[in-house]
Every structure is written in C-alpha cells, then in structure tokens.
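# Observations on chain architecture
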Amino acid sequence: MIGVFDSGYGGLTILKGFLDLMPQYGYLYLGDSAHAPYGNKSLKIVFEYTRQAVNFLFSQGAELIILACNTASAKALRKIQQEWLPGHYPDRRVLGVVIPLAEAAAEKSRRGRIAVIGTKATVESGVFNQELHKLNPSLKVFGQACPLLVPLVEEGWVGKPETNMILKKYLRNLKSKSVDFLIPGCTHYPFLKKDIERIMGKNCKVLDAPGIVADKLADYLKRHPEIEIMLSKKRERLFFTTDDPDRFKVFGESFLGSRISEVIAVSL
Ligand code: DGL
C-alpha cells in the first residue's frame with residue numbers, strides 16, 4: 001500500500017490528488033493531529049515525530065510512503081532517507097513533496113523568478129531554495145512564511161475579508177518581485193489557490209500542488225516497476241489519527257471532499 005503522512009488533515013489534499021489519478025492502489029493515511037501543527041516546531045522535533053509516523057505506516061504494510069506535509073518534507077525527509085531508512089527498512093522508500101514541486105516550478109517558469117510560501121519551518125529551512133538552485137542555479141527564489149494561513153483555513157475562513165487581507169499582506173513583497181511562478185508549499189494552500197491567483201495577478205502562475213505531486217508519483221512508479229509491483233491494487237482506504245477520530249472524520253471529510261468510513265486512533 002501507499003502510505004501518506006501529514007501532521008494533520010492537510011495532507012488529505014495530496015491524498016485526494018492520488019485518489020483522483022491512481023484510484024487502483026491501496027492507501028494508508030496517518031494524520032499526527034496530536035502533535036500538529038508542525039509548522040513552527042524545531043528540526044529535532046519534526047524529525048522525531050515524522051520518524052515515528054513513518055515507522056508506524058511501514059508496520060501497517062506500506063511499501064512506499066509520501067510525506068504529504070511540506071514541513072516534514074523540508075525538515076525530516078533527507079535525514080530519514082539517509083540515516084534511518086537504510087538501517088530499518090532498506091527495501092522501502094520514503095518520498096516528499098518538495099522535490100516534485102520544485103521540479104515543476106523550475107520546468108514551467110519562463111522568467112525564472114519563483115516565489116515560495118509555506119510555514120515558518122518550511123520557508124526558514126531554505127530547502128525549496130536549495131532544490132530549485134540544484135535544478136537551475138540561475139533561478140531567483142523569494143520565500144515568504146505565512147504562519148496565519150493554516151489556522152485560517154482550518155477555521156473555515158477561506159474567502160472571508162479578514163483572510164484575504166492577511167493573504168494580501170503576506171503576498172505584497174512577493175508581488176513586488178515580479179515573480180512568474182508561486183509554489184504553495186503547504187498542504188492547506190490549495191484551498192486558497194484562487195485567492196492567491198487573484199492577488200498575484202495574471203503574470204504569476206500558482207502551482208496545482210496535489211495535481212503535480214500525483215503526476216510525479218505516477219511517473220516515479222513507472223520508473224520503478226520493482227516498487228509498483230509490490231503495491232496493493234485492492235483499493236483499501238485506511239485512515240489513522242493520533243488524536244480524536246471523530247474530529248478527524250469531520251475535518252477530514254471536508255479536506256478530502258469525500259466520505260471517510262472509519263478513522264482509527266493510534267499512539268505512536
Ligand atoms: N502540513 C503542514 C505543511 O504542509 C501544515 C500544517 C502544520 O503546520 O502542521 O507544512
């Protein structure tokens with residue numbers, strides 16, 4: 001099965017992208033709501049929570065795990081791949097969302113001026129800058145942390161004047177840099193895509209993060225038939241949370257845009 005991990009419900013936007021494009025596979029989703037948000041936590045803590053989550057998803061039968069959480073991808077992925085995985089699950093894989101998004105932006109940007117928005121932890125990690133510059137050293141990258149956006153989306157305040165005002169304030173500096181691409185580097189931002197596009201204007205494209213991550217995963221599975229062959233094609237959908245399962249179900253259904261039949265509470 002494909003494991004999908006996030007700090008909470010947000011990663012369900014990424015899971016939705018997978019389900020739309022590749023419904024044939026079995027999926028395990030874990031939201032670490034007991035420890036969310038990750039966006040303002042230290043590297044040490046994000047790594048430790050993510051490592052426990054990855055260990056749990058492997059123990060439940062995942063062969064491949066996607067860290068849908070940008071913060072976990074930015075802060076924990078490399079260490080998990082390089083230091084933890086080889087000693088624990090050498091034949092399994094953990095992937096993130098930063099590289100697919102960086103690749104898409106680098107491929108599509110015409111003028112090479114790219115904005116990245118995300119949690120404080122993601123933007124301050126500089127990981128998007130590093131990956132974009134690995135792909136093309138001449139790219140100009142401008143980051144902006146937007147810590148208030150996750151709680152506003154979770155409050156259901158998308159489209160409210162207060163949210164648009166805050167969004168405008170966050171985006172003002174990026175707009176003045178004449179960026180031609182914006183990477184929404186956080187699981188919650190797909191809900192704000194239209195508002196971001198309107199504020200940034202027609203000369204700036206906003207990446208469709210769930211669509212891109214799903215396309216890149218499909219491409220990865222084509223290039224790695226040895227992994228694809230191991231994945232279940234029985235269409236399982238299993239949801240785990242480290243906090244209240246009833247609450248997860250209510251929020252989760254609105255993030256996923258479809259019904260969730262059961263949520264299992266776990267402690268890591
Ligand atoms: N899932 C996180 C991300 O994509 C946002 C929520 C959090 O801060 O935990 O960065």
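Everything discussed here concerns the structure shown above.
Remember, predicted model here, so these are calculated numbers, not experimental data.

## What to know about the site of the ligand
Around the ligand, the surrounding shell holds 13 residues, and the nearest of these are Asp6, Ser7, Tyr38, Gly39 and Thr71. Within the contact set of the ligand, an oxygen atom lies 2.7 Å away from a backbone nitrogen or oxygen of tyrosine 38. Between the ligand and threonine 187, the relevant distance is 2.9 Å, taken from a nitrogen atom to a side-chain nitrogen or oxygen of the residue. When isolated, the ligand has an accessible area of 290 Å², and the protein chains bury 98% of it. In terms of residue class, the shell around the ligand is built from five nonpolar, seven polar and one charged.

## Focus on the environment of tryptophan 84
Tracing the sequence through the fold places tryptophan 84 in helix α4 (residues 77-88). When its relative accessible area of 6% is taken as the criterion, tryptophan 84 is described as buried. Taking the C-alpha atoms as reference, tryptophan 84 lies 9.9 Å from asparagine 55; in sequence the two are 29 residues apart. Excluding anything up to four places from it in sequence, tryptophan 84 contacts Arg51, Val54, Asn55, Phe58, Lys79 and Tyr89.

## A look at the packing of helix α9 (residues 161-175) against helix α10 (residues 193-200)
Packing of α9 against α10 leaves a shortest axis separation of 10 Å and a crossing angle of 50 degrees. Accordingly, the angle class assigned to the pair α9 and α10 is oblique. Here α9 and α10 pass one another in a crossing that is right-handed. Residues Asn164, Leu167, Lys168, Leu171, Leu174 and Lys175 of α9 touch α10, and the partners they reach there are Asp195, Ile196, Arg198, Ile199 and Met200. In terms of residue class, the contact of α9 with α10 is made up of six nonpolar, one polar and four charged.

## What about the sheet that holds strand β4 (residues 93-95)?
Overall, parallel pairing links the six strands, which are arranged β4-β3-β1-β2-β9-β10 in an open sheet. Two strands in the sheet have a free side with no partner beyond their single neighbour: β4 and β10 (263-265). Strand after strand, the sheet turns through a mean of 20 degrees between neighbouring axes, direction not considered. Pairing analysis gives five bridges linking strand β1 (residues 2-6) to strand β2 (residues 27-31), with the strands arranged parallel.

Definitions and cut-offs
Chains are numbered independently. Their residues run from 1 in the order of the written sequence. Local features in a predicted model are, by the rule used here, given only for residues with pLDDT of at least 70; side-chain atom pairs are given and counted only at 80 or more, and totals for whole chains, interfaces and linings are based on all residues. Side-chain figures throughout are based on the complete set of non-hydrogen atoms in the structure, without hydrogens or water. One heavy atom within 4 Å of a molecule or strand is enough for the residue carrying it to be called near that molecule or strand. Pairing of N or O atoms within 3.5 Å defines a polar contact, subject to two protein rules: one partner must be a possible hydrogen donor and the other a possible acceptor, and residues neighboring in sequence count only if both atoms are side-chain atoms. Here the Shrake-Rupley method, with its probe set to 1.4 Å, supplies the accessible areas, and only the displayed protein chains count as covering residues. Gly is placed with the polar residues, together with every amino acid not listed as nonpolar (Ala, Val, Leu, Ile, Met, Phe, Trp, Tyr, Cys and Pro) or charged (Asp, Glu, Lys and Arg). Labels follow the DSSP assignment, with helices taken as runs of H or I lasting at least four residues and strands as runs of E lasting at least two, numbered in each case from the N terminus. For the exposure calls, accessible area comes from a 1.4 Å probe over protein chains only, and a residue counts as buried if that area is under 20% of its type's maximum, exposed if over 50%, partly exposed in between. We call two residues contacting when some pair of their heavy atoms lies within 4.5 Å. For helices, the fitted axis covers only the stretch in contact; all axes are lines through C-alpha atoms, and the angles between them, taken along N-to-C directions, range from 0 to 180 degrees. Angle categories are assigned with fixed cut-offs, so that under 35 degrees is roughly parallel, over 145 is roughly antiparallel, 65 to 115 is roughly perpendicular, and the rest are oblique. The sense of a crossing depends on the near helix, which, turned anticlockwise from the far helix by less than a right angle, makes the crossing left-handed and, turned clockwise, makes it right-handed. Strands pair, by our definition, only if DSSP identifies at least two bridges between them.

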